[in-house]
Amino acid sequence: MRHEITIENYSKEWPLFFKKLKSAYENLLGDLVIEIHHVGSTSVEGLAAKPIIDIDLVIDLESKIEPVIEKLKKAGYTHIGNLGIVGREAFSHNSELTPEDGSNSQWPHHHVYLNLKNGVGLRNHLCVRDHLRAHPEKAKRYSQLKTNLAKEFNLNIDLYTEMKTGFIIEILREAAFDEETLKEIIEQNRAKKQVPEKQKQ
C-alpha cells in the first residue's frame, strides 16, 4: 500500500523530540554507543520535511552490532537489515510505544540507524546535515525541491527519493566524496530499488 508523501514546515518540536529519544537510547544502550545524532531534514532548522525524526546511533566496533540489535529488539524495534548500505543497520519501530523504556510514553514517528564510526552512511548523513545548517539558502532550495517533488510524485516514494538525489550528490561532491562512493549512493536511491517506504528519508 502506497502512502501520500507529506512535507511539513519546520517545527521547533522536532529537536525536542530528538532530545527525548536520545535520552531513552542513552539509558537503553549505555556505553555500547559512542555518539547519537539527529540527522535528516528534521535536524536542519527552517527546513521543510516529512515529520519523521531520523536518528544515527554510532558504534566504534563491529562486535557491538549484535548486542545493540538485541537491545533494540527488546525495546520494540524490528531489525530490517542494511538496506544496501554497508556499515549501517536500519530499524523500524513497532508501535507508538517504541522505544519501550518502561515509561509507557508515546513517541513520534522516527527512523533509527546503527552506524559504524566513519561508515559511508554516517558520513553522508552528517555531511548533508552540517552543510544545510551552514548554508540556509541551500536549505531553502532543498525545501522547495522536496515540496515540488512531493506534489509531483505524491504516491511514489521511490521516484520522490531518486529525483532529489542529485541535490544531495551536489553537496557530497562539494565535500570531496569520491566518485565511486557517489555512484553507489546514486544507485542505492534509484526508483527501481524496492526499499521499504518507511525507511526512505
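Shown above is the structure to which this text applies.
Not measured: the values here are computed from a predicted model.

Cut-off values and rules
Residues numbered from 1 in each chain as written. Predicted model: local features only at pLDDT ≥ 70, side-chain atom pairs only at ≥ 80, totals over all residues. Heavy atoms only, no water. Helix = DSSP H or I, 4+ residues; strand = E, 2+ residues; numbered from the N terminus. Rg over C-alpha atoms; globule rule 2.2 N^0.38 Å. Buried < 20%, exposed > 50% of the residue type's maximum accessible area, 1.4 Å probe, protein only. Contact = heavy atoms within 4.5 Å. Areas by Shrake-Rupley, 256 points an atom, 1.4 Å probe, with all protein chains shown as cover. Expected span 1.5 Å × (residues − 1). Pairing = 2+ DSSP bridges.

Q: What is the right way to look at the overall build of the chain in this model?
A: The secondary structure content of the chain amounts to six helices and five strands. When the helices and strands of the chain are listed from N to C terminus, the series reads α-β-β-α-β-β-β-α-α-α-α. Expected size for 201 residues packed as a compact globule is a radius of gyration near 17 Å; at 16 Å, the chain falls within 12% of this value. Relative to its full complement of 201 residues, the chain shows a buried share of 49%. If you take every contact in the chain between residues at least 6 apart in sequence, the share linking residues at least 24 apart comes to 66%. Of the roughly 10400 Å² of accessible surface on the chain, a fraction of 50% belongs to carbon and sulfur atoms.

Q: Just checking my understanding: could you explain helix H3 (residues 120–134) for this structure?
A: Side chains of residues three or four places apart in an α-helix project in the same direction, reflecting 3.6 residues per turn. Under the 1.5 Å per step criterion, the end-to-end length of H3 is 21 Å for 15 residues, consistent within 8% with the ideal 21 Å. Turning to H3, its buried residues are Gly 121, Leu 122, Asn 124, His 125, Leu 126, Cys 127, Val 128, Arg 129, His 131 and Leu 132.

Q: Looking at this structure, I do not really get the pairing of strand S4 (residues 88–93). What am I missing?
A: Counting buried residues along S4, six of its six residues qualify, which places the element largely inside the surrounding structure. Of the two faces of S4, the one carrying Arg 88, Ala 90 and Ser 92 and the one carrying Glu 89, Phe 91 and His 93 are both buried. In this sheet, S4 lies alongside strand S3 (residues 77–81) in antiparallel orientation, the contact comprising four bridges. Paired with Tyr 77 across the two strands is His 93, which belongs to S4. If you look at the hairpin formed by S3 and S4, you'll find six residues sitting between the two strands, and Leu 83 has a positive phi there, around 50 degrees. Two elements, S4 and strand S5 (residues 110–116), share four bridges in a ladder whose sense is antiparallel.

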